[in-house]
Amino acid sequence: MHIPDGFIDVPVAVTTFVVTVGAIACAVKTTNHNLGEKQVPMMGVLAAFIFAAQMLNFPVVGGTSGHFLGAALAAILLGPWTAVLIMSSVLVVQCLVFQDGGLLALGANILNMGIISVFVSYYIYKGIYTLLKGNKAARLIGAGIGAWFSVVASATACAIEIAISGTSPWEIAIPAMTGIHIFVGIGESLITVAVLSLVLVTRPDLLELQVA
Amino acid sequence: MKLKWWHGALAIILFLCILAPLASSLPDGLERVAEDHGFDSKIHDPTFRIFPDYSITGIDNEVLATILAGLIGTILLFGIGFGLAKLLKNKHET
């Protein structure tokens, strides 16, 4: 759901840029305070994994494809603010090097896929984890549900920006975008739970490092 | 040098790039909605191109170009992620 140039107007582009720059500044500050030495390779690995996995589009319904986002996985493994930095790095490289997502739309793309998705999934994950008294199953259930909502929220935000810009009417953009991403979100859930299970089985200590 | 967990992880990720040419080429959610509702014509072409759509100008073999573009991006992002983390990590940690 990378927005190309031409779909959002200048006011929406500027507003989303300002919000995104503010959030990244906060993310730099928080990461600077929280990130430990042992998490350094994790941040590199996650950025690389999310980029590679985002290239692997899988078919969903109605001749449409979707791809993994990774925001939920990053938020669960390294906390939401560090996840914002990881997602922003991926989206900036995709935009500048691979022309995936428009230059003018970069702020909106980071806001949708790197900020809204991160916080939506993180707080759903945390809420379910706390509610179910924090065992391993609770982590996986929370991750799966959080991941699904991260994609749906991201797609809805994208539709709202397109509608505000007058590119497509609200009553078309929102149901169409949200509707298709209900299915893409299932893929997101499965991949997030699979990778998190792998981490829990092989290196559970990496998860304990996570700073709230 | 002792192998660490992330060496293995990075190897798996680089392997994922080899699968990139197998990715579905169907339009994604936003492209599909734009086509179905007739606003795909509003797309502006990018102002500059480096590796547009994960292709490399000069390499005609699409499979090879996609794999190479994927490897370049993956290594670049590992470097950025690792570098940012090194730069930002808490220096007062004991």
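Quick summary incoming for the structure in this document. (Residues numbered from 1 in each chain as written. Chains lettered and ligands numbered in written order. Predicted model: local features only at pLDDT ≥ 70, side-chain atom pairs only at ≥ 80, totals over all residues. Heavy atoms only, no water.)

## A word on the overall build of chain A
Logical step 1: Summing up its helical and strand segments, chain A has eight helices and two strands in all.
Logical step 2: Secondary structure elements of chain A, listed N to C terminal, follow the sequence α-α-β-β-α-α-α-α-α-α.
Logical step 3: Against the 2.2 N^0.38 benchmark of 17 Å for 212 residues, chain A shows a C-alpha radius of gyration of 17 Å, consistent with a compact globule.
Logical step 4: Its C-alpha atoms give chain A principal-axis dimensions of about 50 × 35 × 30 Å.
Logical step 5: Here the analysis covers contacts within chain A between residues at least 6 apart in sequence; of these, 75% occur between residues at least 24 apart.
Logical step 6: Of the roughly 7,300 Å² that chain A leaves accessible, carbon and sulfur atoms contribute 75%.
Logical step 7: Seen as two clouds, the 7 positive and the 9 negative side-chain charges of chain A have centres 21 Å apart. (Helix = DSSP H or I, 4+ residues; strand = E, 2+ residues; numbered from the N terminus. Rg over C-alpha atoms; globule rule 2.2 N^0.38 Å. Contact = heavy atoms within 4.5 Å. Areas by Shrake-Rupley, 256 points an atom, 1.4 Å probe, with all protein chains shown as cover. Lys, Arg positive; Asp, Glu negative; His and termini not counted. Charge placed at Lys NZ, Arg CZ, Asp CG, Glu CD.)

## Some thoughts on a negative patch on the surface
Logical step 1: Among the surface-exposed residues, Glu31(B), Glu35(B), Asp40(B) and Asp53(B) lie close enough to one another that they form a single negatively charged patch.
Logical step 2: Position of Asp40(B) relative to the elements: it lies in the loop between helix 2 (29-36) and helix 3 (62-88). (Patch = residues over 30% accessible without salt bridge, like charges linked within 9 Å, V, L, I, M, F, W, Y side chains within 5 Å. Salt bridge = Lys/Arg side-chain N within 4 Å of Asp/Glu carboxyl O.)

## Points about the packing of helix 3 (residues 71-78) of chain A against helix 4 (residues 80-98) of chain A
Residue and element names in this part refer to chain A.
Logical step 1: Interaxial distance between helix 3 and helix 4 falls to 7 Å at its minimum, and their mutual angle equals 135 degrees. By the angle class used here, helix 3 and helix 4 are oblique. Relative to helix 4, the crossing made by helix 3 is right-handed. Touching Ala71, Ala74, Ala75 and Leu78 of helix 3 are Pro80, Thr82, Ala83, Ile86 and Met87, all from helix 4.
Logical step 2: Among the residues making up the contact of helix 3 with helix 4, the classes are represented as eight nonpolar, one polar and no charged. (Axes fitted to C-alpha atoms, helices over the stretch in contact; angles between N-to-C directions. Parallel < 35°, antiparallel > 145°, perpendicular 65-115°, else oblique. Left-handed = near helix turned anticlockwise from the far one by under 90°. Nonpolar A, V, L, I, M, F, W, Y, C, P; charged D, E, K, R; others polar.)

## Some points on helix 3 of chain A
Residue and element names in this part refer to chain A.
Logical step 1: Within helix 3, eight of the eight residues are buried, leaving the element largely enclosed by the surrounding structure.
Logical step 2: The complete set of buried residues in helix 3 reads Ala71, Ala72, Leu73, Ala74, Ala75, Ile76, Leu77 and Leu78.
Logical step 3: The positive-phi residue at the C-terminal boundary of helix 3 is Gly79, with phi of around 90 degrees. (Buried < 20%, exposed > 50% of the residue type's maximum accessible area, 1.4 Å probe, protein only.)

## Considering helix 5 (residues 106-131) of chain A
Residue and element names in this part refer to chain A.
Logical step 1: Taking 1.5 Å of rise per residue, 26 residues should cover 38 Å, and helix 5 covers 36 Å from first to last C-alpha, within 8% of that figure.
Logical step 2: Along helix 5, the helix axis deviates most sharply at Ile116, where the bend reaches about 30 degrees.
Logical step 3: In the stretch just after helix 5, Lys133 is the one whose phi turns positive, near 60 degrees. (Expected span 1.5 Å × (residues − 1). Bend = angle between axes of the 7 residues up to and from the residue.)

## Some remarks on the environment of Tyr54(B)
Logical step 1: Considering the arrangement of structural elements, one finds Tyr54(B) in the loop between helix 2 and helix 3.
Logical step 2: Put simply, Tyr54(B) and Leu71(B) are 17 residues apart on the chain and 10 Å apart in space, counted from C-alpha to C-alpha.
Logical step 3: Apart from residues lying up to four places away in sequence, Tyr54(B) is in contact with Phe51(A), Met55(A), Gln94(A), Phe98(A), Asp100(A), Ala65(B), Thr66(B) and Ala69(B).

## Observations concerning the pattern of salt bridges
Side chains bearing opposite charge may pair, as long as their charged atoms lie close to each other.
Logical step 1: Summed over all chains, the structure comprises four salt bridges over all chains.
Logical step 2: Among the ionic pairs, Glu37(A) bridges to Lys86(B), the shortest N-O distance being 3.3 Å. Highlighted residues: Glu37(A) in the loop between helix 1 (10-34) and helix 2 (40-55) and Lys86(B) in helix 3, drawn from two different chains.
Logical step 3: The class of Lys86(B) is partly exposed, set by a relative accessible area of 37%.
Logical step 4: Note that Arg32(B) is salt-bridged to Asp36(B), the shortest N-O span being 3.3 Å. Of this pair, Arg32(B) and Asp36(B) both sit in helix 2, four residues apart, which is roughly one turn of that helix.
Logical step 5: On the accessibility criterion, Asp36(B) (49% relative accessible area) is partly exposed.
Logical step 6: Overlapping salt bridges, with partners in common, bring together Glu37(A), Lys86(B) and Lys89(B) in one network.

## Observations regarding the packing of helix 6 (residues 136-164) of chain A against helix 7 (residues 170-202) of chain A
Residues and elements named next belong to chain A.
Logical step 1: Following both chains from N to C, one finds helix 6 and helix 7 inclined at 150 degrees, their axes separated by 7 Å at the closest point. The angle between helix 6 and helix 7 places the two elements in the roughly antiparallel class. As for the relative orientation of helix 6 and helix 7, their crossing is right-handed in sense.

## Concerning the interface of chain A and chain B
Logical step 1: Residue-level contacts link 57 residues of chain A with 52 residues of chain B.
Logical step 2: Summed over the three residues of chain A that lose the most area to chain B, namely Met55(A), Phe98(A) and Gln99(A), the buried surface amounts to 14% of that side.
Logical step 3: Inspection of the region where chain A meets chain B yields two salt bridges.
Logical step 4: Counting every contact that joins chain A to chain B gives 17 residue pairs in polar contact (both at pLDDT 80 or more).
Logical step 5: At the level of secondary structure, the elements contributing two or more residues to the side of chain A that touches chain B comprise helix 1, helix 2, strand 1 (58-59), helix 4, helix 6 and helix 7 of chain A.
Logical step 6: Here the side of chain A that touches chain B gets twelve residues from one element, more than from any other, and that element is helix 2 of chain A.
Logical step 7: When the residues that make up the side of chain A that touches chain B are grouped by side-chain class, the tally is 34 nonpolar, 19 polar and four charged. (Buried area = accessible area lost by both parts, 1.4 Å probe. Polar contact = N/O pair within 3.5 Å; in protein donor to acceptor, adjacent residues only side chain to side chain.)

## Digging into unusual backbone geometry
The general pattern is negative phi for most residues beyond glycine and trans for most peptide bonds.
Residues and elements named next belong to chain B.
Logical step 1: A positive phi angle, near 50 degrees, is found at Asp53, a position not held by glycine.
Logical step 2: Secondary-structure assignment places Asp53 in the loop between helix 2 and helix 3.
Logical step 3: Assessed through its relative accessible area of 61%, Asp53 is described here as exposed.
Logical step 4: Of note in this structure, Tyr54 is not a glycine but carries a positive phi near 60 degrees.

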